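Observations on the three-dimensional arrangement
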Amino acid sequence: DAGITQSPRYKITETGRQVTLMCHQTWSHSYMFWYRQDLGHGLRLIYYSAAADITDKGEVPDGYVVSRSKTENFPLTLESATRSQTSVYFCASSESTGGREGYTFGSGTRLTVV
Amino acid sequence: AQTVTQSQPEMSVQEAETVTLSCTYDTSENNYYLFWYKQPPSRQMILVIRQEAYKQQNATENRFSVNFQKAAKSFSLKISDSQLGDTAMYFCAFMIETDSWGKLQFGAGTQVVVTP
């Protein structure tokens, strides 16, 4: 019962580098989401997806890119990392239409940009 | 746009006592869903309780219960008989029923510390 897996769990990268955070789910959930968690802001939506090749921007998409070529994978790429992107990143998925039963979250990736 | 406000950054409670976390939200929608998530030090996000706005009855899950006041746009969480394992960050979240994508809007969180 792998559920939803994020990798890596911790990552340190340098300013200007490209970095990709991985998210893999084993339930064939249609809906997937990327959030970032920052103190005082809670979780803010970066990107979301309803199916393979269907994605859209959330509240804070600048500097991020996503892709979803397969239902089970939803990687998040920081094209040129900045210190302001230091955060904890969560991937989530939902089974029912619109996630009305709530999301299932991955365990998060703590990213530090130095 | 919907907003979710958690006005208490941190709360402390002794074991076996009760603590209530506040959450207010702003929306012009009539149908929506409200959630409380728990994030212990392990960082895992765990769904605690869920409420549908069209239901007047307050949701309850074991020691966790909510006080949903739709007119006041308030959704507080009560933790009864607090245990050390309840120490965590608690997030209130909101989703409108007509959002087919099911996007959740989160509050800033309340850190709950349960002391012996």
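Definitions and cut-offs
Residues numbered from 1 in each chain as written. Chains lettered and ligands numbered in written order. Predicted model: local features only at pLDDT ≥ 70, side-chain atom pairs only at ≥ 80, totals over all residues. Heavy atoms only, no water. Salt bridge = Lys/Arg side-chain N within 4 Å of Asp/Glu carboxyl O. Pairing = 2+ DSSP bridges. Helix = DSSP H or I, 4+ residues; strand = E, 2+ residues; numbered from the N terminus. Axes fitted to C-alpha atoms, helices over the stretch in contact; angles between N-to-C directions. Buried < 20%, exposed > 50% of the residue type's maximum accessible area, 1.4 Å probe, protein only. Polar contact = N/O pair within 3.5 Å; in protein donor to acceptor, adjacent residues only side chain to side chain. Contact = heavy atoms within 4.5 Å.

Regarding the pattern of salt bridges
Pairing is possible between side chains of opposite charge, provided their charged atoms come close. A complete count under the given rule lists eight salt bridges over all chains for this structure. Between D99(B) and K103(B) there is a salt bridge, and its shortest N-O distance comes to 2.9 Å. A cluster of three or more residues bridged by salt bridges with shared partners is formed by R36(A), D38(A) and R44(A).

Structural notes on the sheet that holds strand 7 (residues 64–66) of chain A
All names here are of chain A. Spatial strand order, 1-3-8-7: four strands in an open sheet with antiparallel pairing. Two strands bound the open sheet, and with one partner strand each, they are strand 1 (4–7) and strand 7. Across the sheet, the mean angle separating the axes of adjacent strands is 15° when strand polarity is ignored.

Focus: the side chain of Q6(B)
All names here are of chain B. Looking at the secondary structure, you find Q6 in the loop between strand 1 (3–5) and strand 2 (10–14). We classify Q6 as buried; its relative accessible area is 8%. Within the structure, Q6 has its side chain in polar contact with the backbone nitrogen of C92 (distance 3.0 Å). The residues contacting Q6, other than those within four sequence positions of it, are S22, W36, Y90, F91, C92, G107, A108, G109 and T110.

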